[in-house]
Amino acid sequence: MSSGLASGDAEQSLRGVDLRLGYHGTTVVHGATITLRPGAVTALVGPNGSGKSTLLRALARLHPIGSGTVHFADGSTAAGLPAKEFARRVTLLAQSRPVPSGVTVRDVVGYGRHPYRGRWRADDPDGPTAVARAMDVTGVTAMADRPVDELSGGELQRVWLATCLAQDTPVLLLDEPTTFLDLRYQVEILDLMRDLADDHGVAVGVVLHDLNQAAAVADEVVLLHDGRIRATGTPAEVLTEQDLTETYGIAIEVTADPLTGLVTTRPVGRHLTRIPV
């Protein structure tokens, strides 16, 4: 990505403290505290309805906060920043976005440059380079002139990710980014998350349903259950048989590679036998 990424900038860590979030008077996230650190991938996992996406949207200033605060390490609060300033620090790839009609891929990726533009695109001299790089790393350059309303779900997902990358923020939030993608692009998106954290110091927060993907990509895992954070720590610390079995309500076996320590999970159903000892 472009040199604008705040590599290793500790002031750009994003922290939500004691967040209570809800819908129509019903609390769905209870007192959650989470920190996204520069150079680290933090994966939010848990069953449907556990509050993962709601928590991520609150960090992105897209869901109202009942109580608690979201702030940066420099002391500034998310709520206190002007919209464009916040958009230069944090971007979110949401689960779904409206698909514009008759707009090309290049133009959609260019939307990511909105925090840097005034009235005229000439106000953003770094824009064309940022857009080109974002399209390149997400593999959408070849479709740059195609209308986005003609794309498949997987292609469109990569275009929206490119739009987020073009925004060039030190905090990147991703809500189920591997949805609709075939295996190749799932792996490439996970690799890209690690590249952004390792090479550019980006603080990455990602909601994932696949526990094995979370174990493979994350430095820290946050396990949510019924709107509360049950455990936070390394994949090996959080993805345990007891915590996962109790959280998901199904037997889940966990093994660790003796050489790498990489955790692998496996649900055990009525027609799936247990891993032989």
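Before reading further, recall that the structure is shown in the block above.
A brief report on the enclosed structure follows. Since this is a predicted model, take the numbers as computed values, not measurements.

**Digging into the environment of Ala218**
Mapped onto the fold, Ala218 is located in the loop between α7 (211-217) and β8 (220-225). Accessibility expressed as a relative area gives 11% for Ala218, which makes it buried. Each C-alpha atom, one on Ala218 and one on Ala43, is 5.8 Å from the other, the two residues being 175 residues apart in sequence. In this structure, Ala218 is in contact with Val41, Ala43, Arg194 and Pro235, ignoring residues within four places of it in sequence.

**Brief notes about the pairing of strand β5 (residues 90-93)**
Both faces of β5 are covered, namely the face carrying Val90 and Leu92 and the face carrying Thr91 and Leu93. Looking at chain direction, β5 and strand β6 (residues 171-175) are connected through four bridges and run parallel. Looking at the pairing, Leu93 lines up with Leu174 of β6.

**Details of the nonpolar core**
For soluble globular proteins, nonpolar side chains are generally found buried alongside one another. One finds Val105, Val109, Val159, Leu174, Met193 and Leu239 to be the most contacted residues of the largest nonpolar core, which totals 52 residues. Among the elements that take part in this core, helix α5 (residues 153-166) stands out by supplying eight residues, more than any other. Among the domains, domain 1 (11-89 + 169-240) and domain 2 (101-168) are the pair contributing at least three residues each to this core. The residues touching Leu239, leaving out its near neighbours within four places in the chain, are Leu211, Ala215, Val221, Leu244, Val254 and Val263. With 27 residues, the next largest nonpolar core counts Leu21, Ala58, Ala203 and Leu224 among its residues.

Rules used throughout
Residues numbered from 1 in each chain as written. Predicted model: local features only at pLDDT ≥ 70, side-chain atom pairs only at ≥ 80, totals over all residues. Heavy atoms only, no water. Helix = DSSP H or I, 4+ residues; strand = E, 2+ residues; numbered from the N terminus. Buried < 20%, exposed > 50% of the residue type's maximum accessible area, 1.4 Å probe, protein only. Contact = heavy atoms within 4.5 Å. Pairing = 2+ DSSP bridges. Core = buried A, V, L, I, M, F, W, Y, C linked by side-chain atoms within 4.5 Å. Domains from an automatic or database assignment.

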